[in-house]
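Read off the chains here:
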There are 2 protein chains.
Amino acid sequence: MDMATTQKPHERLAEALAADLVAVNALIRERMSSDHAPRIPEVTAHLVEAGGKRLRPMLTLASATLCGYGGPYHIHLAATVEFIHTATLLHDDVVDESAQRRGRPTANLLWDNKSSVLVGDYLFARSFQLMTDTGNIRVLRILSDAAATIAEGEVLQLTAARNLSTTEDIYLQVVRGKTAALFSAATEVGGVIAGAGDAQVRALFDYGDALGIAFQIADDLLDYLGDTAATGKNVGDDFREGKLTLPIIKAVAQATPEERAFWVRTIEKGKQVEGDLEEALRLMEKYGTLDATRDEANAWAERARAAILTLPAHPVRDMLHDLAEYVVARLN
Amino acid sequence: MDMATTQKPHERLAEALAADLVAVNALIRERMSSDHAPRIPEVTAHLVEAGGKRLRPMLTLASATLCGYGGPYHIHLAATVEFIHTATLLHDDVVDESAQRRGRPTANLLWDNKSSVLVGDYLFARSFQLMTDTGNIRVLRILSDAAATIAEGEVLQLTAARNLSTTEDIYLQVVRGKTAALFSAATEVGGVIAGAGDAQVRALFDYGDALGIAFQIADDLLDYLGDTAATGKNVGDDFREGKLTLPIIKAVAQATPEERAFWVRTIEKGKQVEGDLEEALRLMEKYGTLDATRDEANAWAERARAAILTLPAHPVRDMLHDLAEYVVARLN
């Protein structure tokens, strides 16, 4: 049996980048320490050692590797990206009042909201120290722009919640903020630190951007398709929380007056009764919005694959290609 | 009547730096905008246009001016410092569950904690974009280090709350985090961007550090001296909240077993009854800790004055000198 065909793409990436990942993990552990406040590494360890896939740092390592970089600053950039991601998770769980993440109690539940807010701030500051270590103004520009896009997307998501006038454009902006901005920054800085040419850097950005969008659209769709085991969420969680994701936005756009009243009651006013989720799914089926959403996820994954294939042949390039296929495979 | 003698030092600074401050305010307004999320400038404007003294940005402008800088990046650095300060205030008010700041309702009360957390994150990101605009890696290092020290100090303050084993060293670390780290970064980057020599940059750092510590010790002491009009706080607020500031730390260190039981009950367990504040004040008087705290504030102010006087003669230098006198004048 050929291991390459049975392993998942991110597992193959982790194997190809194993030595770099060891260095990234060591740097993360070193920089999450605090001379004075032991609460900081406690809270951070709870998240960064919870067995996440290190997908974002791997995107940076893979991009730098593809572009022939010999190090050492791709390690710093990969740790930067993981710190920004971890800080965002800490603050997200406070904002969403979440009690669970990856099947474990959240930091805000184990400690308190205060610790999550302040330790998140510490990790943001640490991430800026790490990127400053590279001495490369261009990667600082890319990553500080990404941090602003992430925060803007989170605020936009907050104000768009339960708002039926949310358009597909606003949804895309939220998705770029919550997911794609960090993916595309992760791949772009890998190319920049390696001194790659403009066309390659642009292709790496496009790959990360499209991969992140495909990933998030797929995640939002799975909330209705009901693969509970894969997502760790119950079917219809987003509906119950009044979140406007693509399947609903598309159904609202085509709603009859009577259907619109249903969406106003269930999403805008949040007054839901038994059977509402089934009615919502029926309306999504009626307008084919689940299929249309799947098509969009596939189209973004296809864009990601096309972008990465413009780079020179390399085993890691093919793993990134397969990764873009993998994030939507669970939909098909 | 000589205006220079009746105006307060920060008012004279504002007059001397008026043109630069106009530019800083314009840049702040430009950068607090958001293409997609109008909530961001709303929340930010509530704080940055609330009539604060712009003390921290003035420290940067004054330091750059003293060192002969012709611009333009001191404007960016001053705006950076104000954004970091504003982001910290937004997160502080969430952590402290504050309802008022500068006599007005806090953002977390007017909007919600979520908006305060996420808009704070946006302003942090914006501050890193602004400092990246300077293209100067050394100021990026100073400011990202300061951001880490600030967050670490906040976490330390959180874990030191109601903890009677808090030492004067830990108190100093908290004070550096919550106040002095941004003051010293503000003055240091002003010198660095102007290309000042090491001795001058070091003196500017020492000035900001000592000024910030004097300022915070004085603020904590005023909580017990009771100048309600000057502080906007009631006498003994810190005692009621179980905050370990210098007057209490010094009294706890010398406490008899019976007195220690009093501190355990009132601070550690937070069980306070009528007359406890008066008893706390009596114990502080008994050991002379209010006077000893005043002496420390004065000593730090004196260090700040000595540091700034090592710079070449300049009207702005003398205003900074007087500012260090002014922050402790309200104690004497």
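Residues numbered from 1 in each chain as written. Chains lettered and ligands numbered in written order. Predicted model: local features only at pLDDT ≥ 70, side-chain atom pairs only at ≥ 80, totals over all residues.

Q: Which parts of the structure should I look at to understand the overall build of chain A?
A: Looking only at helices and strands, chain A has 18 helices and two strands in total. Against the compact-globule benchmark of 20 Å for 332 residues, chain A has a radius of gyration of 20 Å, which places it among compact chains. Residue pairs at least 24 apart in sequence account for 73% of intrachain contacts in chain A once pairs closer than 6 positions are excluded. (Helix = DSSP H or I, 4+ residues; strand = E, 2+ residues; numbered from the N terminus. Rg over C-alpha atoms; globule rule 2.2 N^0.38 Å. Contact = placed C-beta atoms within 7 Å.)

Q: I'm lost on the interface of chain B and chain A in this one. Help?
A: When the parts come together, some accessible area is lost, and that loss is often what is quoted as the size of the interface. Contacts between the two partners involve 37 residues from chain B, matched on the other side by 37 residues from chain A. For the side of chain B that touches chain A, the secondary-structure elements that each account for two or more residues are α4 (39–48), α6 (73–95), α8 (113–133) and α9 (137–160) of chain B. Of the residues that constitute the side of chain B that touches chain A, the class distribution is 19 nonpolar, 10 polar and eight charged. (Nonpolar A, V, L, I, M, F, W, Y, C, P; charged D, E, K, R; others polar.)

Q: Sorry, what's going on with the nonpolar core here?
A: As a rule of thumb, nonpolar side chains are buried together in soluble globular proteins. In terms of nonpolar packing, the biggest core is built from 215 residues, with A214(A), A304(A), A214(B) and A304(B) touching the most fellow members. Contacts of A304(B), omitting those with residues within four sequence positions, involve Y207(B), A210(B), L211(B), A214(B) and A324(B). (Core = buried A, V, L, I, M, F, W, Y, C linked by C-beta atoms within 7 Å. Buried ≥ 20, exposed ≤ 12 C-beta atoms within 10 Å, placed from the backbone.)

Q: Looking at this model, I keep getting lost on the environment of I217(B). Mind explaining?
A: All names here are of chain B. Relative to the elements of secondary structure, I217 occurs in helix α11 (residues 198–225). Taking the C-beta count within 10 Å as the criterion, I217 has 29 such neighbours and is therefore assigned buried. Through-space distance from the C-alpha of I217 to that of V155 is 19 Å; in sequence the pair is 62 residues apart. Beyond its immediate sequence surroundings of up to four residues, I217 is in contact with V175, L246, T293, E296, A297 and W300.

Q: Quick question: what am I supposed to make of the relation of the copies chain B and chain A here?
A: Rotating chain B by 180° and translating it 0.0 Å along the rotation axis places it on chain A, where the RMSD comes to 0.0 Å. The transformation relating the two chain copies, once decomposed into turn and shift, fits a two-fold axis. Of the residues that chain B buries at the interface, 100% are likewise interface residues in chain A, meaning the two copies contact each other through the same surface. (Least-squares fit on C-alpha atoms with pLDDT ≥ 70 in both.)

Q: How do you make sense of the packing of helix α5 (residues 55–66) of chain B against α6(B) when you look at a structure like this?
A: In a packed pair of helices, the relevant descriptors are the angle between the two axes and the axis-to-axis distance. Residue and element names in this part refer to chain B. Across the interface, α5 lies against α6 with an axial gap of 8 Å and an inter-helix angle of 155°. Relative to α6, the element α5 lies roughly antiparallel. Where α5 crosses over α6, the handedness of that crossing is right-handed. Listed contacts from α6 to R56, P57, T60, L61 and A64 of α5 are H74, L77, A78, A79, V81, E82 and H85. (Axes fitted to C-alpha atoms, helices over the stretch in contact; angles between N-to-C directions. Parallel < 35°, antiparallel > 145°, perpendicular 65-115°, else oblique. Left-handed = near helix turned anticlockwise from the far one by under 90°.)

Q: Would you mind showing me how to read helix α14 (residues 246–253) of chain A here?
A: All of the buried residues in α14(A) are L246(A), P247(A), I248(A), A251(A) and V252(A). Against the buried residues of α14(A) lie α10 (168–193), α11 (198–225), α15 (257–268), α16 (276–286) and α17 (289–308) of chain A.

Q: Whenever I open this one, the environment of L156(B) confuses me. Can you help?
A: One can find L156(B) in helix α9. Counting along the chain gives 28 residues from L156(B) to F128(B), while the straight-line C-alpha distance between them is 24 Å. Those residues within four positions of L156(B) in sequence are excluded, and the remaining contacts are H36(A), A37(A), I170(B), Q173(B), V174(B) and G177(B).

Q: Just checking my understanding: could you explain unusual backbone geometry for this structure?
A: The phi torsion of most residues other than glycine is negative, and most of the peptide bonds are trans. Residues and elements named next belong to chain A. A cis amide bond links G71 with the next residue in sequence, P72, at an omega value of 5°. You can see P72 is positioned in the loop between α5 (55–66) and α6 (73–95). The backbone of R54 sits at a positive phi, close to 55°, despite the residue not being glycine. Tracing the sequence through the fold places R54 in the loop between α4 (39–48) and α5.

Q: Which parts of the structure should I look at to understand the packing of α17(A) against helix α18 (residues 315–329) of chain A?
A: Residue and element names in this part refer to chain A. Direction vectors running N to C along α17 and α18 enclose 180°, while the axes themselves pass 9 Å from each other. By the angle between their axes, α17 is roughly antiparallel relative to α18. Every residue of α18 that contacts α17 at A297, N298, A301, A304, R305 and I308 is listed here: R317, L320, H321, A324, E325, V327 and V328. Grouping the amino acids of the contact of α17 with α18 by side-chain chemistry returns eight nonpolar, two polar and three charged.

Q: Looking at this structure, I do not really get the confidence of the model for chain A. What am I missing?
A: Caution applies to low-pLDDT regions: their predicted coordinates should not be interpreted in detail. Averaged over every residue, the pLDDT of chain A is 92; the share at 70 or more is 96%. By mean pLDDT, helix α12 (residues 228–231) of chain A is the weakest element of chain A at 57, and α17(A) is the strongest at 98. (pLDDT = per-residue confidence, 0-100.)

Q: It is not clear to me how the environment of E241(A) should be interpreted in this structure. Could you clarify?
A: Here E241(A) lies in the loop between α13 (237–240) and α14. Spatially, the C-alpha atom of E241(A) lies 8.7 Å from that of A161(A), the residues being 80 residues apart in sequence.

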